[in-house]
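Summary of structural features
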Protein chains: 2
Amino acid sequence: MKIDTIRDIAERAGVSVTTVSRVLNNRPDVSRATQEKVRRVMKESHFVGNANARGLKRADQEMVAVIVRGRQNPFLSALAEEMLQCAAPGKAPFALEYIDEQADEFHHALMLTHSRRASGLIFLGSRIDDRCHAIDGVNLPMVFATVTTQGTPMARASSVSMDDRAMACQAIEALLQRGHEKIAVFGGDRQGTDSLALRALGVEDAFHHRGMQLEEGRYVETRFTLSDAYEAALSFFRRCPDTDAAFCMSDTVALGVIRALVDLGRRVPQDVSVLGIDGIEMGRYSLPRLSTVAQPIGKIARESVAVLTEMMESGAHARHVTVPASLVLRESVREA
Amino acid sequence: MKIDTIRDIAERAGVSVTTVSRVLNNRPDVSRATQEKVRRVMKESHFVGNANARGLKRADQEMVAVIVRGRQNPFLSALAEEMLQCAAPGKAPFALEYIDEQADEFHHALMLTHSRRASGLIFLGSRIDDRCHAIDGVNLPMVFATVTTQGTPMARASSVSMDDRAMACQAIEALLQRGHEKIAVFGGDRQGTDSLALRALGVEDAFHHRGMQLEEGRYVETRFTLSDAYEAALSFFRRCPDTDAAFCMSDTVALGVIRALVDLGRRVPQDVSVLGIDGIEMGRYSLPRLSTVAQPIGKIARESVAVLTEMMESGAHARHVTVPASLVLRESVREA
DNA sequence: CTCCTTTCCGGTAACGTTATCGGTAACGTT
DNA sequence: AACGTTACCGATAACGTTACCGGAAAGGAG
């Protein structure tokens, strides 16, 4: 099946290809009459321009790619959507790309966006590891959201993030303040310098302030999925039944932990308090309603786009922005 | 900032552009030595080909687009991911595109995929309305998943779906069988011929079989979000407190309804049973665990890709496939 | 009437890649 | 020695679009 080109349209409308192109791009220098004629022919022929050809010719089309690390992560999905809202009407269109959290798709996705000649890149995901070092040699304005690149080999890229360390510290302090002492932490790999590692440091800060320390056995590593968190919590709480609070480095994990606790016959929050991070919508409707350290999704999105635009337009250097998070206490943490 | 082209690489490696292109596409007719030389230069220069130029030249690249209607829909997200898994290693790459459920983005997304010269399209979403009629004139192999196009103006497109009418009927029968009589239904617009309308018919079927009828006031229209479902349920159950069961046409809605019931002091399932549709992962970990009519995500994905492939390769006509769903009874529905 | 704008339109050369065709060298085969 | 075969490689023409330049026609100012 042959698809029409502007040449076909031009012929059918009795004008030149240039004119068709002009109409296609709503340029002013086409008379009312020709414009309507061309449009009519285009509509009749169900004409759709060739994005590849256009992209080849116009290098300045200002497309920015958003790579989301973690396919089923409601927090990142919500954030990604918020980013799309930031796309000003006449401005750069966004292309979304989801990659797996574990697999080595980052490099692949990066090459893809680069090969499409994107003029900017936003990365969403709390984890950065060696796989992300692939940005070397890709000279593109880049912003990492929800994780800082400060002090990493990737500092060439800007970043917009919370103060993860302070956030985690504040969270633990809230639990300590409510009389919890046997606190478990459900997080990820503590290696590296990403959000998860910083939060682990923040946890220690809080304990140190009180001259205490997180017991080693109470740090539980888990992937950030419901099923993994559930299983991890099940086996942990069987092992350490005296634990009376859990701080989870993601709301999804927190929800899995709550379910496991209930299955073990423990009540939340009467027996065990559970505190998450992210502020996903589900946390407002879960049983019990989830207490969490809410990240300001809108602000992160706007700030990321702003920083990227700045880099793209004025070639500015990388900046590292910190936005404030807020502790939201709901039902899953007991009263003081 | 200038980006290298194969011409630059060719010059630097002392070969012709043709040879570079050959290396880029792993063609056999390049000597070991030249191949390595070119590859080395490409690596050193951090060369990335121009996808636009390639796409322009090669019309046969077999790219298929997946349009998902509903941005924050965990069921559709899971289904979309499953689709990507179906992408055979050497076969067509998939491009994902999320559109809003309400807004008129469908036409826009369709044009986008068409302009990129996709060779096939999969649409994910239970709702089809006038906005989708835009497929007229777009002569592309298409498959609608989770909704049937049989008997609609869009029957040119294939579809893979459950038997929505039977599903809903089975769901209501399960509730009736457990002694529920005052059943509320939380669904969407009953107009049209999409999944939601079919499910509404299925509900009536079940009542008719018993010589009963769904009371008009007990059909609650709501958008399929947690917040809307919550609000709708809150006001409905205040109005009809004698209702003892709710059938929700999406798990997300069911979760919102449960939260509303608890806030009204009703216990689930002791006072009110709640039954959903979809089979999202959250339903396995919620409190109480959600009973649901589970759709076979893997099967839908595989079947959709298979039908599309068939249409693309052999130019086959549209087919309408029905896959079986299964009732999963968990905690949110009381025992018989 | 001339000259100068303004408005509108068309011809042509790119953009970066791949397909096609053709050519050269090296090696067997008779 | 002549020929066919194989393995490599290069020049060139597309692909569909837009940028650039130039030109015709119409109107306004002097």
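Remember, it's a predicted structure, so these values are computed and weren't measured experimentally.

Okay, the relation of the copies chain B and chain A next. Of the two same-sequence chains, chain B is brought onto chain A (RMSD 0.2 Å, axial shift 0.1 Å) by a rotation of 180°. Taken together, the rotation and translation describe the operation of a two-fold axis. By C-alpha distance to the rotation axis, the residue of chain B lying nearest is B:N52, at 2.3 Å. When the interface residues of chain B are mapped onto chain A, 100% of them again lie at the interface, so the same face is used by both copies.

On to the protein's contact with DNA strand D. Taken together, 25 residues form the shell around DNA strand D, and within it A:I6, A:S21, A:R27, B:T19 and B:T34 come nearest. Looking at DNA strand D alone, sugar and phosphate atoms form 58% of those within 4 Å of the protein. In this structure, a phosphate oxygen belonging to DNA strand D sits 2.8 Å away from a main-chain N or O atom of B:S31. Elements that contribute at least two residues to the surface near DNA strand D include exactly helix 1 (6-13), helix 2 (17-24) and helix 4 (51-57) of chain A together with helix 2 (17-24) and helix 4 (51-57) of chain B.

The next subject is the pattern of salt bridges. Any two side chains of opposite charge can pair, given that their charged atoms come close. Applying the stated criterion to the full structure yields 38 salt bridges over all chains. With a shortest N-O distance of 2.7 Å, A:R259 and A:D263 are connected by a salt bridge. A residue pair is termed a helical-turn pair when its members lie 3 or 4 positions apart in one helix, as A:R259 and A:D263 do in helix 10 (residues 251-263) at four residues. Residue classification places A:R259 among the buried positions, given a relative accessible area of 3%. Residue A:D263 is classed as partly exposed on the basis of its relative accessible area, which comes to 29%. Across the salt bridge formed by B:R199 and B:D164, the nearest N and O atoms sit 2.8 Å from each other. Remark: B:D164 occurs in helix 7 (residues 164-177) and B:R199 occurs in helix 8 (residues 195-209); sequence separation between them is 35 residues. Comparing B:R199 with B:D164 shows no difference in burial state: the two are buried. What you see here is one network of salt bridges that share partners, running through A:R71, A:D100, A:E105 and B:E81.

Our next topic: the protein's contact with DNA strand C. With respect to spatial proximity, 26 residues lie near DNA strand C, and among them A:T19, A:T34, B:I6, B:S21 and B:R27 are the closest. Backbone atoms, meaning sugar plus phosphate, form 58% of the atoms of DNA strand C positioned within 4 Å of the protein. In the model, a phosphate oxygen of DNA strand C is placed 2.9 Å from a nitrogen or oxygen of the A:S16 main chain. At 2.6 Å, a backbone N or O of B:I6 approaches a phosphate oxygen of DNA strand C.

Before going further, it helps to spend a moment on the packing of helix 2 of chain B against helix 3 (residues 32-44) of chain B. All names here are of chain B. Two elements in contact, helix 2 and helix 3, have axes whose closest approach is 10 Å; the angle formed by their N-to-C orientations is 85°. With respect to each other, helix 2 and helix 3 are oriented roughly perpendicular. Judged by residue contacts, T19, V20, V23 and L24 of helix 2 engage T34, Q35, V38, R39 and M42 from helix 3. Among the residues making up the contact of helix 2 with helix 3, the classes are represented as five nonpolar, three polar and one charged.

Let's shift gears to helix 5 (residues 74-86) of chain A. All names here are of chain A. Helix length check: helix 5, at 13 residues, gives a terminal C-alpha distance of 19 Å against a target of 18 Å (1.5 Å per residue), a fit within 8%. At its buried positions, helix 5 is contacted by strand 1 (64-69), strand 2 (94-99), strand 3 (120-124), strand 4 (142-145), strand 9 (273-278) and helix 11 (297-314). For helix 5, the side-chain oxygen to backbone nitrogen distance between the N-cap and F75 is 2.9 Å, and the N-cap itself is N73.

How each quantity is defined
Residues numbered from 1 in each chain as written. Chains lettered and ligands numbered in written order. Predicted model: local features only at pLDDT ≥ 70, side-chain atom pairs only at ≥ 80, totals over all residues. Heavy atoms only, no water. Least-squares fit on C-alpha atoms with pLDDT ≥ 70 in both. Contact = heavy atoms within 4.5 Å. Near = heavy atom within 4 Å. Polar contact = N/O pair within 3.5 Å; in protein donor to acceptor, adjacent residues only side chain to side chain. Helix = DSSP H or I, 4+ residues; strand = E, 2+ residues; numbered from the N terminus. Salt bridge = Lys/Arg side-chain N within 4 Å of Asp/Glu carboxyl O. Buried < 20%, exposed > 50% of the residue type's maximum accessible area, 1.4 Å probe, protein only. Axes fitted to C-alpha atoms, helices over the stretch in contact; angles between N-to-C directions. Parallel < 35°, antiparallel > 145°, perpendicular 65-115°, else oblique. Nonpolar A, V, L, I, M, F, W, Y, C, P; charged D, E, K, R; others polar. Expected span 1.5 Å × (residues − 1).

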